Protein chains: 2
Amino acid sequence: MAGCREVLMCTPRGRDGKVAPAVLYAADLCGVERIFGIGGAQAVAAMAYGTGTVPKVDKIFGPGNRYVSMAKRLVNGQGVAVDMFAGPSEVLVMADGSCDPRFVAADLLSQAEHGRDSKVCLLTDNEELSVRILKELNCRLDRLPRRETAGAALEGSLSVVLRTREDMVDFADAYAPEHLIISMSDPWEIAGKVNAAGSVFIGNFSPESAGDYASGTNHTLPTSGTATACSGVGVDSFMHYVTYQEITRKGLENLSGAIVQMAEAEGLDAHAEAVRARMSY
Amino acid sequence: MAGCREVLMCTPRGRDGKVAPAVLYAADLCGVERIFGIGGAQAVAAMAYGTGTVPKVDKIFGPGNRYVSMAKRLVNGQGVAVDMFAGPSEVLVMADGSCDPRFVAADLLSQAEHGRDSKVCLLTDNEELSVRILKELNCRLDRLPRRETAGAALEGSLSVVLRTREDMVDFADAYAPEHLIISMSDPWEIAGKVNAAGSVFIGNFSPESAGDYASGTNHTLPTSGTATACSGVGVDSFMHYVTYQEITRKGLENLSGAIVQMAEAEGLDAHAEAVRARMSY
């Protein structure tokens, strides 16, 4: 959609020396022309500098472990464009009496199972509700295959009860979560007041896992509070913009007074002269 | 235009302890609410971390010397958004027999006077023309107040003569110049073939100094070849995007097969469970 002339992919091989079939299928669907069976920081370096087999690319996209993240940061410091720097995944669930505690508990767990450093936050104005949700959550945790990981993440997580809905909005806006689930009676009104979030899930039937896999919004989102100024990956992440200007002789004459005056104020005489030269003929 | 809720500015004071009146006037025109009379790396740090007087900001914009650039790079590594990392300014002028050598010489000099590290490149398919332009340039250089700076920049600059217009396009695209001036008989056709450039100046009456001061395009542009993937500052640089999704029960039912299958393929059972929980009721 963005019109990229060439798309290539680096992906690590499995223990059998092969790239996962699901990954190959997805790459084929997306029109990836060349696939290299390499991963890690070395794949980032190969794409940033170019090698005998891997061409130097214009921009590097995609997630990875801390070594990959650091490699992306290093090459970005040398002028290679990258999509973003993703930290541990986060969800903030805003809930009121209109929510279903079972759904909220399931959503909190689906974030917690990502990794031990996942950040999970429940935010409500109803203390009794928070107790019911946490009870439900503990029940469901025991049944999870990844309960060890999810349990570790939950130990570093938060359940926050505030007095008013306005306080909840202020908290969410300051937190700037990667994923924001709003299970409240007026979700769109609340959503309109939260300026900073990566992706927002509205109402009781919009779990984060729908966004992860199937609802169509991008899954690569700003973390660690960077949603205050950054956006998730989108088509525009694969584009760059060029500005063009064509000025007529008459147009330049109209602008010449302003240009010459500002150039002279800055002591840049050759800037003024580039206009004067054209006005002399 | 971007709807920023608060705009503040840090700018160094002059030797008289005052901020330049022209800067204050421009800030007032642009609706800057608060101005701090500080500059340098310390201003970047103040805005990145917040102090007793300077609030922590969401994004830092603006040029500066190498210390400011390094400070921006350091805070960006800690998650503070910044506009871009600008290197030395550059111009590439593509010229053919339809150009006026006096105008081209004036444009090359207006870039050269910026600083000793400015990058100036003349690109043509006509050797005799390049000789005429360089002769004109040397003539004009002697009359410049900043001839010492411009002369130093020109020593590190290039005049390139290639055989064909296609070669010229390939060279320009690989160079990815911050400023591209096309003084050729078919400038729009050539412009359409160059994918990588910060800002493009079309025809004989569009000097770069018009773009610097008055034509309306932004003057903060990608340098050092980063125009292959990066864009200049624009209204969207002051915005961030949030994605929203609201799914109905029926909609989630339609998506549930895909979500559950993909979650299970990744071994993320709680992701699948967040959907199953909702389908059970």
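Just so you know, these numbers come straight off a predicted model, no measurement behind them.

A few points about the pairing of strand β9 (residues 199–202) of chain A
The two faces of β9(A) match: S199(A) and F201(A) on one face and V200(A) and I202(A) on the other face are all buried. As judged from the four bridges shared by strand β8 (residues 179–183) of chain A and β9(A), these two strands associate in the parallel manner. Bridging from a neighbouring strand, L180(A) pairs with V200(A) of β9(A). On the question of chirality, the crossover connecting β8(A) to the parallel β9(A) by way of helix α8 (residues 187–193) of chain A is right-handed. Sheet topology note: the β9(A)/strand β10 (residues 243–246) of chain B ladder contains four bridges and is parallel. Residue pairing in the sheet places I202(A) in a bridge with E246(B) of β10(B).

Describing the relation of the copies chain A and chain B
After a rotation of 180° and a shift along the axis of 0.0 Å, chain A superposes on chain B with an RMSD of 0.0 Å. Within this description, the copies of the chain are treated as partners about a two-fold rotation axis. When C-alpha distances to the rotation axis are compared across chain A, the minimum falls at G77(A), with a value of 4.5 Å. The share of interface residues of chain A whose copies in chain B are also at the interface is 100%, consistent with both copies meeting through the same surface.

A short note on the interface of chain A and chain B
Of the residues lining the interface, 80 residues belong to chain A; the matching set on chain B comes to 80 residues. Roughly 7200 Å² is buried in total at the junction of chain A and chain B, and carbon and sulfur atoms are behind 57% of that figure. When the area that chain A buries against chain B is broken down by residue, the three leading residues are Y213(A), Q245(A) and R278(A), summing to 12%. Seen at the junction of chain A and chain B, the total is six salt bridges. For the pair chain A and chain B, the number of links is 50 residue pairs in polar contact (both at pLDDT 80 or more).

Let's talk about the side chain of E90(A)
For E90(A), the location among the structural elements is in strand β5 (residues 90–95). One buried charged residue, E90(A), remains without a salt bridge, the closest side chain of opposite sign being K119(A) at 6.3 Å.

Regarding the layout of surface pockets
There is about 250 Å³ of room inside the second largest pocket. A per-class count over the lining of the second largest pocket returns nine nonpolar, six polar and two charged.

Points about unusual backbone geometry
Residue and element names in this part refer to chain A. Even without a glycine there, the phi angle at A176 is positive, about 50°. Within the element layout of this structure, A176 appears in the loop between α7 (165–175) and β8. Taking relative accessible area as the criterion, A176 reaches 0% and is therefore assigned buried.

Section: the sheet that holds β9(A)
Whenever strands of a sheet pair, they do so through backbone hydrogen bonds, lying parallel or antiparallel. One open sheet accounts for six strands, arranged β7(A)-β6(A)-β5(A)-β8(A)-β9(A)-β10(B); its pairing is parallel. One side of each edge strand has no neighbouring strand; the edge strands of this open sheet are β7 (158–161) of chain A together with β10 of chain B. Geometrically, the sheet is characterised by an average inter-axis angle of 15° between neighbouring strands, direction not taken into account. In the sheet, β5(A) pairs with β8(A) via five bridges, with the strands oriented parallel. Pairing of A95(A) across the sheet is with S183(A), part of β8(A). Seen against the sheet, helix α4 (residues 101–112) of chain A touches β5, β6 (119–124) and β8 of chain A and runs at an angle of roughly 155° to β6(A). Those strands touched by helix α5 (residues 127–141) of chain A are β5, β6 and β7 of chain A, and its axis lies near 145° from that of β6(A).

A word on the packing of helix α2 (residues 40–49) of chain B against helix α3 (residues 66–77) of chain B
Residue and element names in this part refer to chain B. Put simply, α2 and α3 touch, their axes get as near as 7 Å, and they point 20° apart. With respect to α3, the element α2 is oriented roughly parallel. The chirality of how α2 crosses α3 is right-handed. Within the contact between the two elements, α2 uses G40, A41, V44, A48 and Y49 and α3 uses Y67, V68, A71, K72 and V75. Its residues assigned to classes, the contact of α2 with α3 comprises eight nonpolar, one polar and one charged.

What counts, and at which threshold
Residues numbered from 1 in each chain as written. Chains lettered and ligands numbered in written order. Predicted model: local features only at pLDDT ≥ 70, side-chain atom pairs only at ≥ 80, totals over all residues. Heavy atoms only, no water. Buried < 20%, exposed > 50% of the residue type's maximum accessible area, 1.4 Å probe, protein only. Helix = DSSP H or I, 4+ residues; strand = E, 2+ residues; numbered from the N terminus. Pairing = 2+ DSSP bridges. Right-handed = clockwise from strand over helix to strand, strands pointing away. Least-squares fit on C-alpha atoms with pLDDT ≥ 70 in both. Contact = heavy atoms within 4.5 Å. Buried area = accessible area lost by both parts, 1.4 Å probe. Salt bridge = Lys/Arg side-chain N within 4 Å of Asp/Glu carboxyl O. Polar contact = N/O pair within 3.5 Å; in protein donor to acceptor, adjacent residues only side chain to side chain. Lys, Arg positive; Asp, Glu negative; His and termini not counted. 1 Å grid on protein atoms, 1.4 Å probe; cavity = no way out; pocket = protein on both sides within 12 Å on 5 of 7 lines; lining within 4 Å. Points joined across faces, edges and corners; volume = space filled by probe spheres on them. Nonpolar A, V, L, I, M, F, W, Y, C, P; charged D, E, K, R; others polar. Axes fitted to C-alpha atoms, helices over the stretch in contact; angles between N-to-C directions. Parallel < 35°, antiparallel > 145°, perpendicular 65-115°, else oblique. Left-handed = near helix turned anticlockwise from the far one by under 90°.

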